[in-house]
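Below are the chains, spelled out letter by letter.
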Amino acid sequence: DTFPSCGQVTDVQDVNLAEQVAVYPNPVTIELNIDMPVNGVARLYDMKGALVFTHVLASSRNTILLPDNCTTGLYVLQVSDKSGKRIITKKLAVVR
């Protein structure tokens, strides 16, 4: 599997939702925070496109403990709503 490419935003509602999603800190060491207004799913891919982990998100602040297999490096974080529609895709640096 490879991670999906960044898509184009085609709807004003998509832009508003993307602006309401906060991912921090970046770079991250152990705990990643994702704030979002809707339920969804976070997927983290390594730079080869392999899925590192999937985490179900609530419509609030979510704190994710990165798994041990998430070593120092660059990753791609994809956040989608509960229907699977991608909200944001961004690079994430992990420093262990």
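Presented here is a report on the structure given in the accompanying data block. All values derive from a computational prediction rather than experimental measurement. (Residues numbered from 1 in each chain as written. Predicted model: local features only at pLDDT ≥ 70, side-chain atom pairs only at ≥ 80, totals over all residues. Heavy atoms only, no water.)

Things to note about unusual backbone geometry
Between tyrosine 24 and proline 25 the backbone carries a cis peptide bond, its omega angle lying at -10°. Secondary-structure assignment places proline 25 in the loop between strand 1 (22–24) and strand 2 (31–35). Here the residue pair asparagine 26 and proline 27 is connected by a cis peptide bond, since its omega of 15° sits within 30 degrees of zero. Position of proline 27 relative to the elements: it lies in the loop between strand 1 and strand 2. (Helix = DSSP H or I, 4+ residues; strand = E, 2+ residues; numbered from the N terminus.)

Some words on the sheet that holds strand 2
With antiparallel pairing, the three strands of this open sheet are ordered in space as 1-2-5. At either end of the open sheet lies a strand with only one pairing partner, and these are strand 1 and strand 5 (61–65). Looking at each pair of strands side by side, their axes are set apart by 15° on average, direction ignored. Sheet topology note: the strand 1/strand 2 ladder contains three bridges and is antiparallel. Its bridge partner lying in strand 2, valine 23 is registered against isoleucine 34. (Pairing = 2+ DSSP bridges. Axes fitted to C-alpha atoms, helices over the stretch in contact; angles between N-to-C directions.)

Comments concerning the sheet that holds strand 7 (residues 86–94)
Ordered by their spatial adjacency, four strands build an open sheet running 4-3-6-7, and the pairing between neighbours is antiparallel. Strands with a single pairing partner mark the edges of an open sheet, and in this sheet they are strand 4 (51–57) and strand 7. Across this sheet, the average inter-strand angle for adjacent strands is 20°, counted without regard to direction. Pairing between strand 3 (residues 40–46) and strand 4: six bridges, direction antiparallel. Directly across from tyrosine 45, in strand 4, lies its bridge partner leucine 51.

Interpretation note: all reported values are geometric properties and have no functional meaning in isolation.
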